Amino acid sequence: MFDTLITGGTAVLPQGCMPADIGITGERITQIGEAGSLAAIGAQRVIDAQGQFVIPGGIDPHVHCAWPLMLPGETTMRYSAPPAQVSRAALFGGTTTMLDFCVVHPGDTIPDAIARRDRDWIGACHADYAYHVMLQGNVAPQTLLELGDAIRAGHSTVKIFTTDITPSRRGRMIPHGSIWEIMKVTAKEGGLAVIHAEDNDLVMHMYEKLMREDRMGFEHMAEVHSSLSEDLSFNRVIRLAENVEHAAIYMMHISARTGIEAVERSRAKGFPVYGETLQLYLLATQDDYRQPDGQMYHTYPSLKAPEDQASLWTATRTGGVSCIGTDGICCPKDQKTRGVRVDDVTGGNVTIEPRLGLMYTHMVTKRGYSMEEFVALTSTNAARIMGLYPRKGVLAVGSDADIVLLDPTPRILSAATLHESDYTPWEGWEVTAWPSLTMLRGKVVVEGDRFLGDVTDGRWLPRRIAADMLRCPAL
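All values reported here derive from a predicted model rather than from experimental measurement.

Details of the overall build of the protein
Consideration 1: Within the protein one finds 14 helices and 24 strands.
Consideration 2: Rg of the C-alpha trace for the protein: 21 Å, near the compact-globule value of 23 Å for 475 residues, within the 12% margin.
Consideration 3: In terms of principal-axis extent, the alpha carbons of the protein reach across some 75 × 50 × 40 Å.
Consideration 4: Expressed as a percentage of its 475 residues, the buried residues of the protein come to 62%.
Consideration 5: A fraction of 74% describes how many contacts in the protein between residues 6 or more apart in sequence connect residues 24 or more apart.
Consideration 6: On the protein, roughly 16,900 Å² of surface is accessible, and the fraction owed to carbon and sulfur atoms is 51%.
Consideration 7: Charge-centre separation for the protein: the mean point of 44 positive side chains lies 3 Å from the mean point of 57 negative side chains.

Structure, rendered in structure tokens:
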């Protein structure tokens, strides 16, 4: 007898989209059969998924919980919403796994940084999670040794900045010599460099230029964090990686056509580079900065032109974009909209809960993507790239029973009915599907409007990236 049997739905399986029964025992999927074939085995609970899609839980490869925020006019550091708040919203939206960041500050050891981040997360998260180790500045030889240890211990990805982003964040950028050394470690240990790539010289020049010209309003953000900056930096860091034997890289939050072109040129040569974009970049452009409270739409690098957005959409089908994340930073609206200048507006967004609903709407309903493509871009590809597959990101025997019932019934998004913050950039937008049930490792944690999870449900996930993902572009 199963603990739970899901029947009557259309399951998105590795072999295709089809009616199927899914049997769950404990935390794992233990049997998958044709529709109606498992009923005779029996189950303590039978879930009728008639008329709904059954998909693996979403994976967001790029979130920032309990993240430091220095707001204009304040001298005390604030922090974005903690894992408990963000993960609850994520589960309501069908995302069951989040990847955040563990920041290694100057003077830290990597083990100390991980221990500090654990204090934010262990026993304080409703969903499963993992960290990207985030290095900064000049990287010491001892830190490189610790990075190898961390990768072997299951922290398989390391975050790299090629820019300080804003003048107030000096010290975040890693020099290219240190990037080269980091890539040698990730190549040796089977890890992956995940990169925020912008040309720092050009970015800082543009801050100074706009200040001289008295054009500091945040609506000019795309001039600072420009397509040219993405072009220069992507090509430089990709060429560096191509010259490190067995290296592989993941380009975070691609926002411009130039970034896509750089990724696709390298992939065409057989180099294992993977691209991520954000739902924000797929659904908004730099014109949205001029809307009322246009800061709601900002994250770094920046929104770009409609032609850049069109390139991102094309790349979701041609391979330049493998994953759609959020770069989520959850804070109240008054904090998000307080900055009004290019150098003080707050990045990040409250977008983790509506991600699956919005992407289904704009991929499957409006653009005719298959369900398999939708699931790959919101779950499976992230699992494979980040070293979580096949435990996560797939409906398969032996996989964690992270399962979402996606109900194709339209609804209107509103902050009043979402669970992340007191605002949403997508207020009044229609979505054509929404999760009716979310299961985490066999436990129903959301059913309808009821939250049934516990803050201790979430577990840290040790990761190991499959060798085939690191040899060539496997997606």
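Focus on the packing of aromatic side chains
Consideration 1: Summed over the entire model, instances satisfying the criterion amount to 11 aromatic pairs.
Consideration 2: Ring geometry for Tyr 360 versus Phe 374: centroids 5.8 Å apart, planes at 85°, classification edge-to-face. Taken as a pair, Tyr 360 in helix α12 (residues 355-367) and Phe 374 in helix α13 (residues 371-386) lie far apart in primary sequence, 14 residues in all. Of the two residues, Tyr 360 and Phe 374, both sit in the buried class.
Consideration 3: Pairing Trp 426 with Trp 429 gives two aromatic rings, centres 4.8 Å apart and planes at 70°, and the pair type is edge-to-face.
Consideration 4: Taking the relative accessible area as the measure of exposure, Trp 429 reaches 26% and is therefore partly exposed.

Some remarks on the pattern of salt bridges
Two side chains with opposite charge may pair up if their charged atoms get near one another.
Consideration 1: By the definition in use, this model includes 30 salt bridges.
Consideration 2: In the salt-bridge network here, residues are joined through shared partners; they are Glu 27, Arg 28, Asp 128, Arg 391, Lys 392, Asp 400, Asp 402, Arg 441 and Arg 459.

Quick notes on the environment of Thr 97
Consideration 1: Considering the arrangement of structural elements, one finds Thr 97 in strand β11 (residues 95-103).
Consideration 2: Overall, the relative accessible area of 0% leaves Thr 97 in the buried class.
Consideration 3: Between the alpha carbons of Thr 97 and Gly 154 there is a distance of 16 Å; along the sequence they are 57 residues apart.
Consideration 4: Beyond its immediate sequence surroundings of up to four residues, Thr 97 is in contact with Gly 58, Ile 59, Asp 60, Asp 128, Leu 388, Lys 392, Asp 402 and Leu 461.

Thoughts on the UniProt feature "domain: Amidohydrolase-related" (unreviewed entry) in the protein
Consideration 1: UniProt's entry tags residues 53-445 with the feature "domain: Amidohydrolase-related" (unreviewed entry), counted in the numbering of this structure.
Consideration 2: End-to-end, the C-alpha atoms of residues 53-445 are 18 Å apart, and along that stretch the chain is 37% helix and 18% strand.

Section: helix α10 (residues 306-318)
Consideration 1: With 13 residues, α10 should reach 18 Å at 1.5 Å per residue; the first-to-last C-alpha distance of 19 Å fits that figure.
Consideration 2: Of the residues making up α10, those classed as buried are Asp 308, Gln 309, Ser 311, Leu 312, Trp 313, Ala 315 and Thr 316.
Consideration 3: Packed against the buried residues of α10 are α7 (227-242), α8 (257-268), β16 (273-278), α9 (279-283), α12 and α13.
Consideration 4: Of the residues one or two after α10, Gly 319 is the one with positive phi, at around 110°.

Concerning the sheet that holds strand β13 (residues 157-161)
Consideration 1: Here we have eight strands laid out as an open sheet, ordered β7-β11-β12-β13-β14-β15-β16-β17, and parallel in their pairing. Here the strands that pair on one side only, and so sit at the sheet edges, are β7 (58-60) and β17 (323-325). Averaged over all adjacent pairs, the angle separating strand axes in this sheet is 30°, with direction ignored.
Consideration 2: Inspection of the sheet shows strand β12 (residues 128-134) paired to β13 by two bridges, in the parallel sense. Paired with Met 134 across the two strands is Lys 159, which belongs to β13.

Some thoughts on the environment of Thr 438
Consideration 1: By the secondary structure assignment, Thr 438 is in strand β22 (residues 434-440).
Consideration 2: Take Thr 438: its relative accessible area is 0%, and that puts it in the buried class.
Consideration 3: Each C-alpha atom of the pair Thr 438 and Pro 390 lies 19 Å from the other, and the pair is 48 residues apart in sequence.
Consideration 4: For Thr 438, the residues in contact, after removing those within four places along its chain, are Leu 91, Gly 94, Thr 96, Ile 403, Val 404, Lys 443, Val 444, Val 445 and Val 446.

Describing the nonpolar core
Soluble globular proteins: nonpolar side chains tend toward being buried together.
Consideration 1: If you look at the biggest cluster of nonpolar residues, it comprises 136 residues, and the most contacted ones within it are Ile 55, Leu 135, Ile 249, Met 251 and Phe 374.
Consideration 2: A total of eight residues in this core trace back to one element, the largest contributor, which is α13.
Consideration 3: Residue-level mapping places this core at the junction of two domains, with at least three residues from each of domain 1 (2-56 + 396-451) and domain 2 (59-389).
Consideration 4: Counting residues in each nonpolar core, the second largest holds 17 residues, with Leu 13, Ile 29, Ala 49 and Met 439 among its members.

Things to note about the domain arrangement of the protein
Consideration 1: Along its sequence, the protein is carved into domain 1 (2-56 + 396-451) and domain 2 (59-389).
Consideration 2: Computed from C-alpha atoms alone, the centre-to-centre distance between domain 1 and domain 2 is 28 Å.
Consideration 3: Counting residues at the interface gives 38 residues for domain 1 and 40 residues for domain 2.
Consideration 4: Taking both partners together, domain 1 and domain 2 bury about 3,500 Å²; carbon and sulfur atoms supply 68% of that area.
Consideration 5: For domain 1, the biggest contributors to the area lost against domain 2 are Glu 420, Tyr 423 and Trp 426; these three give 24% of the whole.
Consideration 6: Across the contact surface, domain 1 and domain 2 share one salt bridge.
Consideration 7: For the salt bridge of Arg 441 with Asp 128, the shortest nitrogen-to-oxygen distance reads 2.9 Å.
Consideration 8: Our count for the domain 1 to domain 2 interface comes out at 12 residue pairs in polar contact (both at pLDDT 80 or more).
Consideration 9: Counting residues per element, the ones that place at least two in the side of domain 1 that touches domain 2 are β3 (16-25), β6 (53-56), β19 (403-407), β21 (430-431), β22, β23 (443-447) and β24 (450-451).
Consideration 10: It is β22 that provides the largest number of residues to the side of domain 1 that touches domain 2, a total of five residues.

Quick look at helix α1 (residues 83-92)
Consideration 1: Burial analysis of α1 places seven of its 10 residues in the buried class, the great majority of the element.
Consideration 2: Looking at α1, one finds that the buried residues are Pro 83, Val 86, Ser 87, Ala 89, Ala 90, Leu 91 and Phe 92.
Consideration 3: Contacts from the buried residues of α1 go to β11, α2 (110-121), β22, β23 and β24.
Consideration 4: Just beyond α1, the residue with positive phi is Gly 94, at close to 90°.

Basis of the calculations
- Residues numbered from 1 in each chain as written.
- Predicted model: local features only at pLDDT ≥ 70, side-chain atom pairs only at ≥ 80, totals over all residues.
- Heavy atoms only, no water.
- Helix = DSSP H or I, 4+ residues; strand = E, 2+ residues; numbered from the N terminus.
- Rg over C-alpha atoms; globule rule 2.2 N^0.38 Å.
- Buried < 20%, exposed > 50% of the residue type's maximum accessible area, 1.4 Å probe, protein only.
- Contact = heavy atoms within 4.5 Å.
- Areas by Shrake-Rupley, 256 points an atom, 1.4 Å probe, with all protein chains shown as cover.
- Lys, Arg positive; Asp, Glu negative; His and termini not counted.
- Charge placed at Lys NZ, Arg CZ, Asp CG, Glu CD.
- Phe/Tyr/Trp six-rings, centres within 6.5 Å; stacked < 30°, edge-to-face > 60°.
- Salt bridge = Lys/Arg side-chain N within 4 Å of Asp/Glu carboxyl O.
- UniProt positions renumbered as here; feature names shortened; annotations may be inferred.
- Expected span 1.5 Å × (residues − 1).
- Pairing = 2+ DSSP bridges.
- Axes fitted to C-alpha atoms, helices over the stretch in contact; angles between N-to-C directions.
- Core = buried A, V, L, I, M, F, W, Y, C linked by side-chain atoms within 4.5 Å.
- Domains from an automatic or database assignment.
- Buried area = accessible area lost by both parts, 1.4 Å probe.
- Polar contact = N/O pair within 3.5 Å; in protein donor to acceptor, adjacent residues only side chain to side chain.

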